[in-house]
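# Structural characterization, general
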Amino acid sequence: MRNTRQSFSRRQTIRRPRRGAFAAAILLSLLIALLGTPALAQPPGPPAYALTFDVEVVSGAPDQVTGGDSRLHIQVPANVSPHQVEVIVNGIDQSGHFSLIPGTRTLTGVVDGLALGDNTVVVRPTSRSRGRPAELSLELVNHPITGPVFSGPQQYPFVCQVQSTVLGQPLVDNETEGYPVYGDMGAVIGYSKDCSVETLVQYVYRSTEGSFKRYTPGGPRPVDMAQTTTLDGLTVDYIVRWERGTINRFIYSLAVLAPYERGPKSLDKTAWNGRLIYHFEGGVAIGHDQGNPSASRMLYEPGLARGYAVAYSTGNRTGTHYNLVLGGETALMVKERFVELYDVPLYTVGLGGSGGAIQQYIYGQNHEGLLDAAIPQYSYPDMVSQAVHVGDCELLEYYMDVLDGANSRWQAWTNRTLIEGLNASDTVENPYTGQNGASECVIGWRGLSPLAINPHYGYVVGQEEIRPSSAVEAIEWSHFADLVNVLGTADDGYARRYWDNVGVQYGLQAVATGAITPDEFLNLNASIGGWKEEPEMVQEACPFWPRGCSDAGNWDPWSARNQVFSTDPSAAPAPRTEGDREAMREAYRAGLVFRGDIDVPIIDWRHYLEDHLDMHNSHQSFAARQRMRNFRGDADNQVIWFTDVGPGGPEFDQTPEALEVMDQWMANILENPAAGVAGNKPPGATDRCFDKDGTEIAAGDGVWDGILDGGELGACAARFPVYGTSRTVAGGPFEQSIFKCQLMPVARAIAQDLYGVWTPTAAERDRLEEIFPDGVCDYTKRDAGLPPGW
């Protein structure tokens, strides 16, 4: 079920009965205009029977316009000259804003000066002679460039970061509240709650030494200016038009090759290859921050060098926030700005790793037309379901380190995989012990549990400057509070929390195969409880708080002070944590869960980092694939690539090759849309794996066999082992798609041979029922957190 509240085509049409043919004609015509006649089919001419205007809002949805302007495409009927069309905006003639797209009967232009709220655009012929088409009226709803559009009330306090960039001090929008704005003399002249700045256009060139330097358009060409050859074979001076500013309160960037541009008011498209990269970025944060932009992503050199335009925003950096409703809104607004400047790109391809990959899967699902293709790197299907098993990490680590620390089994770190599912090593150095032996839970995820769960722990650099200070003291610092507009507020006043482990039998597969004993299994599940409710939580201890502390007497890397556990499980098993079902349902409704509803071409690429115990574990690419299969019946639009690493980490970047293959794939789709995404794959768009130097090891449909089907391992699957998670070794589905399991009685679980080689005795069954008084997880059933009717 697509999220109708947020999902829409960004190219909305009014009275447009021939969507497919018209869209193909426009895209091909734009290709011709940008690049010259391509080696593709000629665009079809306008239908002879077109006797009415068709108006398409190509920069955004008509009811979600932002910033006071919007780009329209107007298909002119056959009985009207394209030069005899009037465009009236709120009673003002803006016909002069429009020009004809070569080879078509389509006008393109930007209407501007829109008022906040409702606006009326009228398109009509200048002549009212008999037989002429009637005028067409279109309503546009304009929203502030500062937002919001559909994401709900904005977070406050909000720490500005523009002042640490070339953009300078934010604009004053409040006299007493917000982030301080400093004048030329260093005194506070006011405050800013939106952190907005004036738009800045600068120019940079690529030097022969490999760095970007400032350039003044129209001036002499520096002797160290490099040249570049675009995807279309055009060799030009490597000069970039670089626009930055604020959209939706975040810092955005648009960068495009512009070797012949003479200033900000001119717009040189000659070297743009017509394609747009939207560069997303990862990280983990919980908001209240404008975010610091990444120069390497804003000026993504491998893309710019080949003529791609590059769009970026700190609002699409999960190291700024993890509200992907807000992030989707931001991406739509930034792309709207791009289209208003440059018109519709041939296609938009997403790029970015970790949280940047999650955004591609989520936005590709929720916002049809935002992305036409995706290259997620180091991917996960989404954040919210990932947080479920990550929330187990410290519970399990504390159990094995402390509650059951005398058990020699856990001294061999590789045995922790039996319970945690994730990889572990006896040779990787543990920074928390100074000795060899660690797990992905420790190396990859330690510290993220308090960041996500503890409402006291979060912090943003610069928050001490916010006025009034009481606003900062009132912040609920948690992942759930970052999503409060989606999840809602519980009766205790805190954001609803979806994390749940009721009925979860940790280590089930291990006891079922005999890898651990029944006593170990029972003691584990009786000892582990869960996480305290937010009102009961306290501030963290070392090494997290105070930051950088190392006091051995206040050492708690597991956040045990905020856990629920039993030190005497034989007397009283620890109670589990029950998540809020309404929070789960709202996460589904808002599209925060990747359910597999995506049909754009996807090249999912990652370095294989399992031996480094990196958080970007290889399981997740296949979890996304399985969700697509569950929803669509196949995942033929997704290919998975792995590249090996050396002892020190990654050595080769496969991304430029992915961009080349994706361009071939998209060209095929444009030339032969009837064949669909899967039917247009070029030879390189297949499952593949590579050595550390980028040399292909194996490729083809069967290279990842055995991971999802349980059969014989394919060549890549054998070379690159895939691990599980705490919830998969507890019997959950490979794709980790369950917030809250449905329950069944212990007796039924025994009758179904759920415990494998272990047949519980009557006493052991009684013990299981004591540990799980409401029953154990039945993973053959759907998520108990799904909204009714889903």
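Preceding block: the structure.
Residues numbered from 1 in each chain as written. Predicted model: local features only at pLDDT ≥ 70, side-chain atom pairs only at ≥ 80, totals over all residues. Heavy atoms only, no water.

### Some words on the overall build of the protein
Across its full length, the protein carries 21 helices and 32 strands. Taking 2.2 N^0.38 as the reference for a compact globule, 790 residues should give roughly 28 Å; the C-alpha atoms of the protein span a radius of gyration of 28 Å, in line with that estimate. Its C-alpha atoms give the protein principal-axis dimensions of roughly 95 × 65 × 55 Å. Scored against the burial criterion, the 790 residues of the protein give a buried share of 60%. Of the contacts made within the protein by residues no fewer than 6 positions apart, 70% connect residues no fewer than 24 positions apart. A total of about 29200 Å² of accessible surface is found on the protein, and carbon and sulfur atoms cover 50% of it. (Helix = DSSP H or I, 4+ residues; strand = E, 2+ residues; numbered from the N terminus. Rg over C-alpha atoms; globule rule 2.2 N^0.38 Å. Buried < 20%, exposed > 50% of the residue type's maximum accessible area, 1.4 Å probe, protein only. Contact = heavy atoms within 4.5 Å. Areas by Shrake-Rupley, 256 points an atom, 1.4 Å probe, with all protein chains shown as cover.)

### Thoughts on the packing of aromatic side chains
Each aromatic ring pair is summarised here by two numbers: the centre-to-centre distance and the angle between the ring planes. For the coordinates displayed, the defined rule picks out 28 aromatic pairs. Ring centres of F480 and Y498 lie 5.1 Å apart, and the angle between their planes is 75 degrees; on these two criteria the pair is classed as edge-to-face. Taken together, the residues span a long stretch of sequence, with F480 in helix α12 (residues 479-482) and Y498 in the loop between α13 (484-487) and α14 (508-512) at a distance of 18 residues. Through successive ring pairs, a cluster of aromatic residues spans F480, Y498, Y588, F739 and W790. Cation over ring: K193 sits above Y156, and NZ or CZ is 4.3 Å from the ring centre. One cation-aromatic arrangement involves R547 over Y457; the distance from NZ or CZ to the ring centre is 5.2 Å. (Phe/Tyr/Trp six-rings, centres within 6.5 Å; stacked < 30°, edge-to-face > 60°. Lys NZ or Arg CZ within 6 Å of the ring centre and 35° of its normal.)

### Some details on the sheet that holds strand β9 (residues 117-125)
The mixed open sheet is built from five strands, whose spatial order is β3-β10-β9-β5-β6. The strands lining the two open edges of the sheet, one partner per strand, are β3 (65-66) and β6 (92-93). Sheet topology places β3 next to strand β10 (residues 136-143); two bridges connect them, and they run parallel. When the bridges of β10 are listed, T66 appears paired with H143. (Pairing = 2+ DSSP bridges.)

### What to know about the state of the cysteines
Tallied over the entire structure, the rule returns five disulfides. Two residues share a disulfide in this structure: C542 and C549, whose sulfurs sit 2.1 Å from each other. Its S-S torsion of approximately -135 degrees makes the covalent link between C542 and C549 left-handed. According to the relative accessible area criterion, C542 is buried, its value standing at 1%. A sulfur-sulfur distance of 2.0 Å marks the disulfide that ties C741 to C777. The chirality of the disulfide connecting C741 with C777 is left-handed, given an S-S dihedral of about -65 degrees. (Disulfide = S-S within 2.5 Å.)

### A word on the side chain of Q563
Turning to its location among the elements, Q563 is positioned in strand β26 (residues 563-565). At a separation of 3.4 Å, a polar atom in the side chain of Q563 contacts the main-chain carbonyl oxygen of E394. Among the polar contacts made by the side chain of Q563, one reaches the main-chain carbonyl oxygen of W558 at a distance of 2.9 Å. (Polar contact = N/O pair within 3.5 Å; in protein donor to acceptor, adjacent residues only side chain to side chain.)

### Remarks on the pattern of salt bridges
Any two side chains of opposite charge can pair, given that their charged atoms come close. Under the criterion given, the structure shown has 36 salt bridges. With a shortest N-O distance of 3.6 Å, D634 and R632 are connected by a salt bridge. Residue classification places D634 among the partly exposed positions, given a relative accessible area of 28%. Salt bridges sharing common partners tie together R241, E243, E261 and R337. (Salt bridge = Lys/Arg side-chain N within 4 Å of Asp/Glu carboxyl O.)

### Observations regarding a negative patch on the surface
On the surface, a cluster of negative charge is contributed by D636, D701, D705, D709 and E712. Considering the arrangement of structural elements, one finds D701 in the loop between β30 (696-699) and α19 (715-719). (Patch = residues over 30% accessible without salt bridge, like charges linked within 9 Å, V, L, I, M, F, W, Y side chains within 5 Å. Lys, Arg positive; Asp, Glu negative; His and termini not counted. Charge placed at Lys NZ, Arg CZ, Asp CG, Glu CD.)

### Regarding the pairing of strand β12 (residues 188-192)
In this structure, strand β11 (residues 179-182) lies alongside β12, joined through four bridges in antiparallel fashion. Counted as the bridge partner of Y179 is S192 from β12. Adjacent in sequence and paired antiparallel, β11 and β12 are bridged by five residues, among which G186 carries a positive phi angle near 85 degrees.

### Things to note about the sheet that holds strand β22 (residues 373-377)
If you trace the twelve strands from one edge of the open sheet to the other, you get β14-β13-β17-β18-β20-β19-β21-β22-β27-β28-β29-β30, paired in mixed fashion. The sheet is open, and its two edges are formed by β14 (212-214) and β30, each paired on a single side. Here the average twist between neighbouring strands, direction ignored, is 20 degrees. Sheet analysis places strand β13 (residues 200-206) next to β14, joined by three bridges and oriented antiparallel. In the sheet register, Y205 faces β14, and the bridge partner there is K213. (Axes fitted to C-alpha atoms, helices over the stretch in contact; angles between N-to-C directions.)

### Structural notes on helix α16 (residues 581-589)
Turning to α16, its buried residues number three or more, namely A583, M584, E586, A587 and Y588. Buried residues along α16 sit in contact with α13. At the C-terminal side of α16, G591 shows a positive phi close to 80 degrees.

### Description of the environment of S618
Structurally, S618 can be placed in the loop between β27 (602-607) and α17 (619-632). Separated by 2.8 Å, the side chains of S618 and E610 make a polar contact.

### A few points about the nonpolar core
F338, Y498, F521, L592, F739 and Y755 are the most contacted members of the largest nonpolar core, which totals 119 residues. Not counting the four nearest positions on each side in its chain, F338 is found in contact with L254, V256, W272, L276, A309, D343 and P345. Counting 40 residues, the second largest nonpolar core, distinct from the first, contains W242, I277, L346 and F690. (Core = buried A, V, L, I, M, F, W, Y, C linked by side-chain atoms within 4.5 Å.)

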